[in-house]
Structures are given as C-alpha cells and as structure tokens.
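Each chain is listed here by its residues.
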Amino acid sequence: MNIPLVNSMKNLIPVFFIVTFIACSDQTHVPDVSGIKVDLKVERFEQDFFGIDSNATKQGLSQLQQKYPTFLPLFINHVLGLGPVVDSNSLAFEGSKRFLHLNKPVYDASQKLYKNFSSTAEELTNGFRYVKHYFPSYQIPTIITTVGPMDALAPMSNNEPSPNYLGENFLAIGLQFYLGKDYSIYNDLGYISSIAPQYRSRRFSKEFIATDVFTLVIDDLYPDSSNRYPLIERFVEKGKRLYLLNQFLPNSNDSLLIGYTGKQLNWCKDNERSIYNFFIQQNLLYEIDPARVQNFITDGPTTQGMPEQSPGNIGAFLGWEIVKSYMKKKPEVTLQQLMKTSNKTIFNESDYKPH
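Residues numbered from 1 in each chain as written. Predicted model: local features only at pLDDT ≥ 70, side-chain atom pairs only at ≥ 80, totals over all residues. Heavy atoms only, no water.

## Some words on the packing of aromatic side chains
Logical step 1: Taken as a whole and assessed by the stated rule, the structure comprises 27 aromatic pairs.
Logical step 2: Aromatic side chains phenylalanine 45 and tyrosine 68 sit 5.0 Å apart centroid to centroid with 85 degrees between the ring planes, which places their arrangement in the edge-to-face category. One end of the pair, phenylalanine 45, is in helix H1 (residues 45-49); the other, tyrosine 68, is in the loop between helix H2 (57-67) and helix H3 (71-79), and 23 residues separate them in sequence. Residue phenylalanine 45 shares its accessibility class with tyrosine 68, and that shared class is buried.
Logical step 3: The structure contains a cluster of three or more aromatic residues connected by ring pairs, namely Phe45, Phe49, Phe50, Tyr68, Phe71, Phe75, Phe99, Tyr107, Tyr165 and Phe170.
Logical step 4: Between the NZ or CZ atom of lysine 324 and the centre of the ring of tryptophan 320, over which it lies, the distance is 4.2 Å. (Phe/Tyr/Trp six-rings, centres within 6.5 Å; stacked < 30°, edge-to-face > 60°. Helix = DSSP H or I, 4+ residues; strand = E, 2+ residues; numbered from the N terminus. Buried < 20%, exposed > 50% of the residue type's maximum accessible area, 1.4 Å probe, protein only. Lys NZ or Arg CZ within 6 Å of the ring centre and 35° of its normal.)

Following this line, the structure appears as structure tokens:
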C-alpha cells in the first residue's frame, strides 16, 4: 500500500513497506565482562515503608530513619512533599499515614511483580559490569526500590521525565511506574490526560527498568546541555546517548533502548532516507527555534506531519544512525572520546548516508 509521508513529500516517499521483524542490537564487539566484580546493593525501602503500623506512624518513621538516614527524609520531604521529618512536623506523620492508606493497593500490585527482585537485580548487575568496563572509576549506586505517588516522575538534565531519580550514592526505582501497561490506573482517563499519556505508560513495565536505570546513569555521566544546539546536533546528542546505552545493555532489543514499538522502529528503518530528506527539504537541520524543533525531539504518539506509523521523538532514530555511521568509520574512538566529541564534528565526519 502506498502512503505519503506528508502531502509535500509525495515525490520523496513513494512506498512504505512495513515488515514484521524486530530489530536487535549489534553484538559484534560485545566485550567479555564476566570477570568484573560488581557488588550491587539493593534496599527494599517500599517494603519497610509500607510495613509501618499506620496507627503508630510517628514511631515507625523514627525507626525507619535509623535504617535510611539519608533517603527517608528525601522521600518524605521531596517525593511526598510533606516537609522535614521532625517531631514538630505533624504533617509529615499524618501525611505519611494517609499516603500509606491510599496507596496500599499500588504497593500490593508492586509486590505481586517484585516481591522477589532478584532477576531485575541480576540484569542491573550485569549492566553495571559494562559500565565499570568502560568507566572503571564510576561509583555504582545503591539501588533503592520505592513505591511513591503515581505522578512522581522526576526530570533529567534535559527535562525529560524519568520514573527514577538519582541521588548521592543511590538510585531510586519507582516501582509504581512498572506495573505493566494494562494496570488499571495507567488507563484511567484522568491519569492519561494529566500524568502519563498511553504512548508513555505503555513503557511502564518490567522490561524497561534496566533501560530507564542506565539512561539515568548516562545522564549522571554526561548531563545533557544541548538544548540550544541546532536540530541536527540535538539529534546527534540523542544518538550518542543511545549508542552508549546500547553498550551498557548490548543484549537488549533496539526497540527497548529507543522506546519505540517494534512497528515504529521498523517503519523508521524502512523509510530512513525519506525521513532524513524531509529535514533537508524543510530546511530544518540547523533550526534552533524551539517552536519548530520540539515536535521532532520529544516523546509523543507520533510525529506531526508524518504518517501515523511514525514514532514521536523521531530525531533520536536519525541521531543514533548518524553516531553508528561515525563509529563505524572511526572504530578507534573510545566511548569517552565519543561522548566528549562535539555533535557538530560527529555529524560532519560521520559520512552519514541513509539507506
């Protein structure tokens, strides 16, 4: 079936052929990291927190403070928004009691999936082996599992929302965002309209935990400061991060890494040249006006001006392909060198020729 990309591009894309294969990561140069020791510490804060007797919240929090002297105050104050945990702050105690009562069903749902966290912990441990292989001095954070408010998405350095948050020496995983795309709250119309539309909540499942965790690790290693770059350089910035994420999770499916559905990723691969030509013909590669570029670099159900088969954040795909082309041409470049190389240089020297 012939489908035009947009009316102005009928001559650019004569055919869209959707195939059903699922793209997998290139594992040609995966290093052996089995000998790298990683002692990943996992603390089950949500089990301890919801184990508090709601009729003795003040006493329970005081005891919990001894086990989590740094994290508990952060959680109560900044995640729940109840202020500091001090004897004079009745809001912290009453608010915590109310939160425990109202969110018990969410906690129960999380424990059906994650009471035993060992399989996810092993996946994260293996990912951190790759992190240590490439960045030996990186300090592995303690993993703290939590169940917080259903709207507690935290912004990363590029202001994109994350289900998790990184603190000093810890990385907290909000299990309330990994209950499976069919979880009832995710499909509530109020939740969809105000917190997480379904193109985002479809990724609220177990298989995305590692991807989200290591995306946050990359943000810790290299905070994103590309918001004022021309559009093509912002694409490359996204591509660099995806390339690095692929090295940390070399056995993960490409669609998990980039966050597209399998069909969306296949569509991009089938139409790569036409997508790139669109940005050339529309004179968008060096555009810096936020109003004109946001459509191509932010999450969404699709990209406005392109067929409905297209994903949102389509610039991430082009950027990833550009970086792959650059690294194929320059195999001697280390990951550290790649991440420190200017996005403009990478684009100019990539010899990128879309298929």
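## Comments concerning the nonpolar core
Logical step 1: Ranked by internal contacts, the top residues of the largest apolar core, which has 108 residues, are Phe49, Ile76, Phe128, Ile173, Phe214, Phe248 and Phe279.
Logical step 2: Discounting chain neighbours no more than four positions away, the residues touching phenylalanine 214 are Leu124, Gly127, Phe128, Val131, Leu245, Phe248 and Leu249. (Core = buried A, V, L, I, M, F, W, Y, C linked by side-chain atoms within 4.5 Å. Contact = heavy atoms within 4.5 Å.)

## A short note on helix H14 (residues 290-297)
Logical step 1: The set of residues buried in H14 consists of Val293, Phe296 and Ile297. Axial view of H14: buried residues confined to an arc of 85 degrees, hence all on one face.
Logical step 2: Looking at the packing, one finds that the buried side of H14 touches helix H10 (231-248), helix H13 (272-281) and helix H15 (314-329). (Arc of directions from axis to C-beta.)

## Some thoughts on the environment of serine 88
Logical step 1: Topologically, serine 88 is positioned in the loop between H3 and helix H4 (90-102).
Logical step 2: Residue classification places serine 88 among the exposed residues on the basis of a relative accessible area of 70%.

## With respect to the pairing of strand E2 (residues 142-146)
Logical step 1: Of all five residues in E2, five are buried; the element is thus mostly enclosed.
Logical step 2: On E2, burial covers both faces: Thr142, Ile144 and Thr146 on one face and Ile143 and Thr145 on the other are all buried.
Logical step 3: Two elements, strand E1 (residues 42-44) and E2, share three bridges in a ladder whose sense is parallel. Bridged to glutamate 43 within E2 is isoleucine 144. (Pairing = 2+ DSSP bridges.)

## Describing unusual backbone geometry
Logical step 1: Phi is positive for asparagine 313, close to 55 degrees, though the residue is something other than glycine.
Logical step 2: Inspection of the secondary structure puts asparagine 313 in the loop between H14 and H15.
Logical step 3: Exposure remark for asparagine 313: the relative accessible area of 14% places this residue in the buried category.
Logical step 4: Its identity is not glycine, yet aspartate 351 carries a phi of approximately 55 degrees, on the positive side.
Logical step 5: You can see aspartate 351 is positioned in the segment after helix H17 (343-349).
Logical step 6: Residue aspartate 351 is classed as partly exposed on the basis of its relative accessible area, which comes to 44%.

## Considering the pattern of salt bridges
Logical step 1: Counted according to the given criterion, the structure contains 15 salt bridges.
Logical step 2: A salt bridge links lysine 41 to glutamate 43, with the shortest nitrogen-to-oxygen separation between them at 3.2 Å.
Logical step 3: Here lysine 41 falls in the partly exposed class, since its relative accessible area comes to 47%.
Logical step 4: Judged by its relative accessible area of 18%, glutamate 43 is buried.
Logical step 5: Linked through salt bridges whose partners overlap, the residues forming this network are Asp219, Glu237, Lys240 and Arg241. (Salt bridge = Lys/Arg side-chain N within 4 Å of Asp/Glu carboxyl O.)

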